[in-house]
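# Examining the three-dimensional arrangement
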Amino acid sequence: MKKKLNRVLFLGLSLSLLFLLTGCVSRDSSGNPTGTIWHILGEPMAKLIQYFANNVGVGFGLAIILVTIIVRCIILPLGLYQSWKASYQSEKMAYLTPIFEPINERMRNATTQEEKLAAQTELMAARKENGINMLGGMGCLPLLVQMPFFSAMYFAAQYTQGVSESTFLGIDLGTRSIPLTAVIAVLYFFQSWLSMQGVAEEQRAAMKGTMYVMPLMMVFFGMSMPASVLLYWLVGGFFSIIQQLITMFIIKPRLRKKIAVEFEKNPPKTYKSKARKDVTPAANNAQLSNKPKKSNRNAGKQRKRK
């Protein structure tokens, strides 16, 4: 009990610290970035951008791209770990479909609220019995660890000295760029489409609308952002696609083999509800309860006559 409590307290402390860190990049009275994350991560990123642009001589546009690649390579293992956890749960659910489908069928065909609740309870118990996490195994810790890097790079791309006065392939990095915004929207739409390919057909139909959310958000924010930030988002879009491809063609096939071996050693458990439903009509129950009991007072006389 004490060990479990310590683990909960440590997790709460870690999450609180990470939430604090993710919100530490802010602007001072002059509009410049400040805060713990900016000083720890943002300023080194800004100096690295200036080094590539001024010392190496590649220009600020290519410098932003190079630093973004370095940062994304550093945090890529965290993203892949998050994808691994989520894919493990989804592949497990797909493997156990034959067990869950009859319960889902009863839930869909339920005629009363009681029957639906009973089926839902049975489904939850079956999932728990077979080790299925209702949250999909996503977890927020890997994402929270990545957030300070995203935030610092966002401000570094926008506020590094010299960026706003530079150009890249004829694009003014200090102003918005409609062509770059359009390219980013297409890129993130493709990434969303890729993520839908690994989802079951019935779930894909229900989630079809979400495929347009990220591209529309990128268009909305991209129209008010300078091109330097759009370059950062552009590289991030390519990394998201790479992560998705690794998940689809490397992580998921390996997980399918792993799950098949796990359930071969420990076969899936079929949950059966212990509660038995009383199907006797209420009117019949009342008649049975009101029916007079048969008297056995003449049983002794009958025995004597024999």
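A quick note: this is a predicted structure, and the numbers were derived from the prediction, not measured.

## Points about the pattern of salt bridges
By the definition in use, this model includes five salt bridges. Ionic pairing is found between Glu101 and Arg108, a salt bridge with its closest N-O pair at 2.5 Å. For Glu101, a relative accessible area of 32% corresponds to the partly exposed category. Lys258 is paired through a salt bridge with Glu262; the nearest N and O atoms lie 3.3 Å apart. Placement of both Lys258 and Glu262 in helix H10 (residues 227-265) is noted, with a separation of four residues, approximately one turn of the helix. What makes Glu262 partly exposed here is its relative accessible area of 25%.

## Considering the packing of aromatic side chains
Per the counting criterion, the structure on display carries eight aromatic pairs. For the ring pair Trp84 and Tyr88, a centre distance of 5.6 Å and an interplane angle of 5 degrees mean the geometry is stacked. Here Tyr88 and Trp84 lie together in helix H3 (residues 60-95), a separation of four residues that amounts to about one turn. A residue is classified by how much of its surface remains accessible, and Trp84, at 33% relative accessible area, is partly exposed. Each residue in the set Tyr154, Phe155 and Tyr159 is aromatic and connected to the rest through ring pairs, giving one cluster.

## Considering helix H9 (residues 213-222)
Buried within H9 we find Pro215, Met218 and Gly222. Buried residues of H9 fall within an arc of 60 degrees about the axis and therefore sit on the same side. Relative to its buried face, H9 has exposed residues pointing more than 90 degrees away, namely Leu216 and Phe220. Those residues of H9 that are buried are in contact with helix H7 (178-197) and H10.

## So, the UniProt feature "transmembrane region" (unreviewed entry) in the protein chain
Per the UniProt record, "transmembrane region" (unreviewed entry) is found at residues 51-75, 134-157, 177-194, 206-224 and 230-251. Helix makes up 88% of residues 51-75 and strand makes up 0%, while its end C-alpha atoms are separated by 22 Å. For residues 230-251, the end-to-end C-alpha separation is 30 Å, with 100% helix and 0% strand making up the annotated structure.

Cut-offs applied
Residues numbered from 1 in each chain as written. Predicted model: local features only at pLDDT ≥ 70, side-chain atom pairs only at ≥ 80, totals over all residues. Heavy atoms only, no water. Salt bridge = Lys/Arg side-chain N within 4 Å of Asp/Glu carboxyl O. Buried < 20%, exposed > 50% of the residue type's maximum accessible area, 1.4 Å probe, protein only. Helix = DSSP H or I, 4+ residues; strand = E, 2+ residues; numbered from the N terminus. Phe/Tyr/Trp six-rings, centres within 6.5 Å; stacked < 30°, edge-to-face > 60°. Arc of directions from axis to C-beta. Contact = heavy atoms within 4.5 Å. UniProt positions renumbered as here; feature names shortened; annotations may be inferred.

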